[in-house]
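Listed below are the residues making up each chain.
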Amino acid sequence: MRLPLIIALASAMVLPQAMARAIPDPNQKHAPGNEAPQKPISQAGYSTPVNYQLQCAGCHLSDGTGSKANDTPKMKGFVGNFLKVEGGREFLVRVPGMSQSALNNAQLADLLNWLLDKNGMAGASMPEHYQPYTEEEVARIRKASLLNLPDVRAGLIHQMVEQSIEIDDGMAHPSSDPTPQGSLK
Ligand code: HEC
């Protein structure tokens, strides 16, 4: 049989390259000017807008428009509506992009308060009275995992529909689709 020989030869050719990629050079030096170890973002002290750009904009885009193609809802002019329905305040902290980000609790509270601003991303979707998030509140809410996100979100959207809030989340078209709850499925 010639097959085992061919396999052995092919492995002998491929393996060294594969291993060269897998094993880092222990003597590799830092690139010049890059010698200091990088600070984790939770200690880096960037401003809130910079934290947003680094941690969130990759999916949500710089201005919060989101991307329907990637199932990322529009926050711009909409996200404040979650504060008008029961469970929405907790939901905003528990979505994975928030709760599992590398930001610390104080940074997340600042980020939420920055997003949820009449003059900011949330814009006109904000309720009249807003109680800013605190570091302690974020710490408490963040710990509990969000199970079954699509259903939880659908329930919140449903509550909004009941309050006659326009579902302008970039995900569904309530006028043509009577069940916007299904938008993330
Ligand atoms: C990997 C892509 C991604 C990243 C990074 C990300 N998000 Fe998200 N975000 C999503 C998606 C997708 C949803 C819709 C719910 C879900 O599936 O998680 C969402 C939902 C949300 C929601 C709820 C809005 C809604 O309409 O459901 C908020 C608020 C939010 N994200 C904020 C943030 C913030 C703030 C950051 C940065 C700290 C962030 N996200 C990072 C993808 C992301």
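Structure shown above.
Residues numbered from 1 in each chain as written. Predicted model: local features only at pLDDT ≥ 70, side-chain atom pairs only at ≥ 80, totals over all residues. Heavy atoms only, no water.

S.K.: What is the right way to look at the packing of aromatic side chains in this model?
M.R.: For any pair of aromatic rings, the description consists of the separation of the ring centres together with the inter-plane angle of the planes. Applying the stated rule across the entire model yields three aromatic pairs. Ring geometry for Y52 and W114: centres 5.4 Å apart, planes at 45°, overall tilted. Of this pair, Y52 sits in helix α3 (residues 48–55) while W114 sits in helix α7 (residues 105–115); the two residues are 62 residues apart in sequence, bridging distant segments of the chain. Overall, Y52 belongs to the buried group, its relative accessible area being 1%. Ring geometry for F78 against F82: centres 5.9 Å apart, planes inclined by 85°, an arrangement best described as edge-to-face. By relative accessible area, F82 is classed as buried at 4%. An aromatic cluster is present here, built from F78, F82 and F91 joined pairwise through their rings. The ring centre of Y133 lies 4.1 Å from the NZ or CZ of R89, which sits over that ring. (Phe/Tyr/Trp six-rings, centres within 6.5 Å; stacked < 30°, edge-to-face > 60°. Helix = DSSP H or I, 4+ residues; strand = E, 2+ residues; numbered from the N terminus. Buried < 20%, exposed > 50% of the residue type's maximum accessible area, 1.4 Å probe, protein only. Lys NZ or Arg CZ within 6 Å of the ring centre and 35° of its normal.)

S.K.: Hey, could you run me through helix α8 (residues 135–143) in this one?
M.R.: Residues spaced three or four apart along an α-helix face the same direction, because each turn holds 3.6 residues. Here α8 has its buried residues at E137, V138, I141 and R142. Projection of α8 onto a plane perpendicular to its axis shows the buried side chains occupying an angular sector of 120°, all on one side. Along α8, the residues that are exposed and aim more than 90 degrees away from the buried face are E136, R140 and K143. Those residues of α8 that are buried are in contact with α5 (88–94), α6 (96–99) and α7. (Arc of directions from axis to C-beta. Contact = heavy atoms within 4.5 Å.)

S.K.: Where do I start with the packing of α7 against α8 in this structure?
M.R.: When two helices pack together, their arrangement is captured by the angle between the axes and the distance separating the axes. Running from N to C, α7 and α8 cross one another at 105°; their axes reach a closest spacing of 8 Å. Regarding the angle of α7 to α8, the classification is roughly perpendicular. Contacts between α7 and α8 involve N105, A106, L108, A109 and L112 from the former and E135, V138, A139 and R142 from the latter. Grouping the amino acids of the contact of α7 with α8 by side-chain chemistry returns six nonpolar, one polar and two charged. (Axes fitted to C-alpha atoms, helices over the stretch in contact; angles between N-to-C directions. Parallel < 35°, antiparallel > 145°, perpendicular 65-115°, else oblique. Nonpolar A, V, L, I, M, F, W, Y, C, P; charged D, E, K, R; others polar.)

S.K.: Would you mind showing me how to read α7 here?
M.R.: Among all positions in α7, only Q107, L108, A109, L111, L112 and L115 are buried. Looking at the buried positions of α7, the neighbouring elements they touch are α2 (41–44), α3, α5, α6 and α8. Between a side-chain oxygen at the N-terminus of α7 and the backbone nitrogen of A106 the separation is 3.2 Å; the capping residue is N104. (Polar contact = N/O pair within 3.5 Å; in protein donor to acceptor, adjacent residues only side chain to side chain.)

S.K.: Would you mind going over the site of the ligand with me for this structure?
M.R.: Around the ligand there are 21 residues in total, and C56, C59, H60, M98 and R153 lie nearest to it. The separation between a nitrogen atom of the ligand and a polar side-chain atom of H60 is 2.8 Å. Within the side chain of R153, an N or O atom sits 2.6 Å from an oxygen atom of the ligand. Taken together, the elements giving at least two residues each to the shell around the ligand come down to α4 (57–60), α5, α6, α7 and α9 (149–162). In terms of residues, the shell around the ligand owes the most to one element, α6, which gives three residues. Residues belonging to the shell around the ligand are distributed by class as follows: 15 nonpolar, four polar and two charged. (Near = heavy atom within 4 Å.)

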